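Here is how the chains run, residue by residue.
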Amino acid sequence: MRQPRLLRSGPGGATGCAGSRRPRAGNGVAPGTPAQPRRSRPGPPGPGPLCPRPLLSPGGRGAPAPAACSGERREAPGGTGLGRLPGHGGAGSPAGLPVAGGAAGAARPALAAALLAGLAAAGPDGRSERGTHRGAAGAGVRRAGRAASAGFLLDFISCPVIKGFTSAASITISFNQVKNILGLHGIPRQFFLQVYETLRRIGETRAGDAVLGLACLAALAGLRAMKSHLPHAAHAEPLAARVSYLIVWTCTTARNALVVLFAGLVAYSFQVMGSQPFTLTGSIPRGLPAFRLPCFSMAAPNGTVPFRSMVEDMGAGLAVIPLMGLLETVAIAKAFASQNDYKIDPSQELLALGFANILGSFVSSYPITGSFGRTAVNAQSGVCTPAGGLVTGALVLLSLAYLTSLFYYIPKAALAAVIISAVVPMFDAGIFRTLWRVKRLDLVPLCVTFLLCFWEVQYGIVAGVLVSGILLLYSMARPPVQVLEGDVLLVQPGSSLHFPAIEHLRDIICSRALAASPPHSIILDCCHISSIDYTVVVGLAELLQELRKHGLSLAFCSLQEPVLQVLLTADLEGFQHFPSREEAERCGAVEPGVSGAAPSTSTDVSSLLPTGLIQ
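Residues numbered from 1 in each chain as written. Predicted model: local features only at pLDDT ≥ 70, side-chain atom pairs only at ≥ 80, totals over all residues. Heavy atoms only, no water.

(A) Up close: the overall build of the protein. On a plain count of helices and strands, the protein comes out with 23 helices and 9 strands. Taking all 615 residues of the protein together, the buried fraction comes to 52%. Contacts in the protein between residues far apart in sequence, at least 24 positions, make up 78% of those at least 6 positions apart. When the accessible surface of the protein is totalled, it reaches about 27,300 Å², and 64% of it is carbon and sulfur. (Helix = DSSP H or I, 4+ residues; strand = E, 2+ residues; numbered from the N terminus. Buried < 20%, exposed > 50% of the residue type's maximum accessible area, 1.4 Å probe, protein only. Contact = heavy atoms within 4.5 Å. Areas by Shrake-Rupley, 256 points an atom, 1.4 Å probe, with all protein chains shown as cover.)

In structure tokens, the structure reads:
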């Protein structure tokens, strides 16, 4: 049996039929410089735009505009695309993608996603010769999840996991761009090796790239600060003042595009003068991928690989990669939603992401999830609606069709500065102090996610979700139980009872009741119990039997209707129920197995319900 393995991209990086792959964009200073092959590795994903929302809610009604989408934040005319267009060229680099592949692989699916949900800025998920099929298969998993209303499963991504992921991702993505700021080549992609190699080779820094990168970072920081302190122009002010305000606001909102444009002009000026101190993006193939059915076979040196063999070769990756992509996408979507005060619909995100991947498979797209870097650039550009995806996708497609020759002169240091400036604000140092003060146990999933994301983003999120799940299961297995001793032993569980908790409850009741001298009968106050399962019913039956052997009784009080009906249906021997704790305490001397006037043992449900529950 074939073992799952990482797939490497072909010469073109993009997916497609054999013999039709596009050449990879150059990454050197001059055209024709050969690109170095790199291992496939899923890149960091991302959430929805700054203020995304579905155009139609699952119920078919338009979603209301979130508070963050009020008039305080507006999109510049064209600023959506201009602000993110450089990101489509540079944000693919964290995933190891060429500029053209990263842009073309996300533009058309981004258009589809914008029509269906406030989805994360679409970004390639990894490079693969068979990525089209993996993307389509992943879309099938996502659409199946939507059909089963599985979006609620993504609610298990807790806030500490999201904060740990976004904080770690901001560091890893930022440091991944340091090599472009310094003009270094051949730096490994693994974070710890990347840090080591960058520090070891820091003496090889190219002065031109470093100066330009730092200047772009300073310019972006200054423009962002200017926008945050920009006073609002009132309608009563003179026309000149309002025009000045509009010019300054547009420049600060479209700062990413302006900085990259300025850097490109500087690089072009040096090129005209016969010298080039910067590392440029290089040549980008012109044109758009053809719209066609995905290939269901692949040419190989020794014949043709059929579709079945391709699926067997992918193995468990067909399910694991889409699920990891979903976790990443929703994790960052929740992070941006929390930061900007809006809500997301995970089920709608499943639908949008699945549809985007299905559409992408017809244009040889990389499998896509959300993109952390592009969404951060979105947020920094003031994007507030899914319409940003439409504008950006259209501009990227037009640029690939007609303007690719101009991309040659964009310095990599400028693109790196745009990405660093966008993702650094996502680091939340205060969350550690906040959790230490509020609930220290939540530091465990936060730290696990944060640390493992430096190894691999997907592993960090999955580990954080698992740790959060373990803590959740522990709280279910060990619910708080209040015990009051008097003439009778009053036991009050603090939450619903599920099968992991019944043995714990039995141990508490038996140990406290039998340890008293003389042993006490027990009243189980069920006012906080809203649901039980069959294992709990069996455990309660065994508890009643064990207490009867010691001559003790167990009475239930304040049972909620669903729990009462379950216990009545189970027909427990010796079951006694009282409407309230006070009545149970007054009748606490009832002998086990003996029905007095106060306790109710009838199988008529209506006679056992407390007053008020009977309509």
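(B) A look at the pattern of salt bridges. Going through the model one piece at a time under the given rule, you end up with 11 salt bridges. The shortest N-O distance in the salt bridge between K163 and D428 comes to 3.4 Å. Of this pair, K163 sits in helix α4 (residues 159-182) while D428 is found in the loop between α15 (412-423) and α16 (430-438), placing the two residues 265 residues apart along the sequence. A salt bridge links E503 to R506; the nearest nitrogen and oxygen atoms lie 3.5 Å apart. Note that E503 and R506 are positioned in helix α19 (residues 502-515) at a spacing of 3 residues, about one turn of the helix. We classify E503 as partly exposed; its relative accessible area is 42%. (Salt bridge = Lys/Arg side-chain N within 4 Å of Asp/Glu carboxyl O.)

(C) Region of interest: the packing of α4 against helix α6 (residues 207-228). Close contact between α4 and α6 brings their axes to 6 Å; oriented N to C, the two are set at 125°. The angle between α4 and α6 falls in the class oblique. In contact with N180, I181 and L182 of α4, α6 contributes D209, A210 and G213. Its residues assigned to classes, the contact of α4 with α6 comprises 3 nonpolar, 2 polar and 1 charged. (Axes fitted to C-alpha atoms, helices over the stretch in contact; angles between N-to-C directions. Parallel < 35°, antiparallel > 145°, perpendicular 65-115°, else oblique. Nonpolar A, V, L, I, M, F, W, Y, C, P; charged D, E, K, R; others polar.)

(D) Highlighting unusual backbone geometry. The phi torsion at S558 lies on the positive side, around 60°, for a residue other than glycine. Within the secondary structure layout, S558 lies in the loop between β8 (554-557) and α21 (561-570). Backbone geometry at D571 places phi at a positive 55°, although glycine is not the residue there. Note that D571 resides in the loop between α21 and β9 (577-578).

(E) Local environment of a nonpolar patch on the surface. Together, L398, Y402, L403 and L406 make up an exposed nonpolar region whose accessible area comes to about 430 Å². Its place among the elements puts Y402 in helix α13 (residues 387-402). Owing to a relative accessible area of 56%, Y402 belongs among the exposed residues under this scheme. (Patch = residues over 30% accessible without salt bridge, like charges linked within 9 Å, V, L, I, M, F, W, Y side chains within 5 Å.)

(F) Region of interest: the sheet that holds strand β7 (residues 522-525). Strand order in the open sheet formed by 5 strands is β5-β6-β7-β8-β9, with mixed pairing between adjacent strands. Bordering the open sheet on either side are β5 (481-485) and β9, each of which pairs with just one other strand. Sheet topology places β7 next to β8; 4 bridges connect them, and they run parallel. Following the sheet pairing, I522 is matched in β8 by L554. (Pairing = 2+ DSSP bridges.)

(G) Fine view of the pairing of strand β3 (residues 303-306). Taken together, the 4 bridges between strand β2 (residues 297-300) and β3 define a ladder with antiparallel strand orientation. Opposite A300, over in β3, you have G303 as the bridge partner. The hairpin turn running from β2 into β3, its antiparallel successor, is 2 residues long.

(H) Seen up close, the state of the cysteines. One pass over the full model with this rule turns up 0 disulfides. C527 carries a free sulfur, and the closest cysteine sulfur to it, the one in C557, is 7.3 Å from it. Looking at C527, the relative accessible area reads 30%, which means it is partly exposed. (Disulfide = S-S within 2.5 Å.)

(I) Layout of the nonpolar core. Formed by 59 residues in total, the largest nonpolar core has its most connected members in I157, F165, C216, F336, F372 and I461. Among the secondary structure elements, those contributing two or more residues to this core are α4, α6, α8 (255-272), α10 (317-340), α11 (346-360), α12 (372-380), α15 and α18 (457-477). Counting 32 residues, the second largest nonpolar core, distinct from the first, contains A501, I508, C526 and V536. (Core = buried A, V, L, I, M, F, W, Y, C linked by side-chain atoms within 4.5 Å.)

Purely geometric numbers; function is a separate question.
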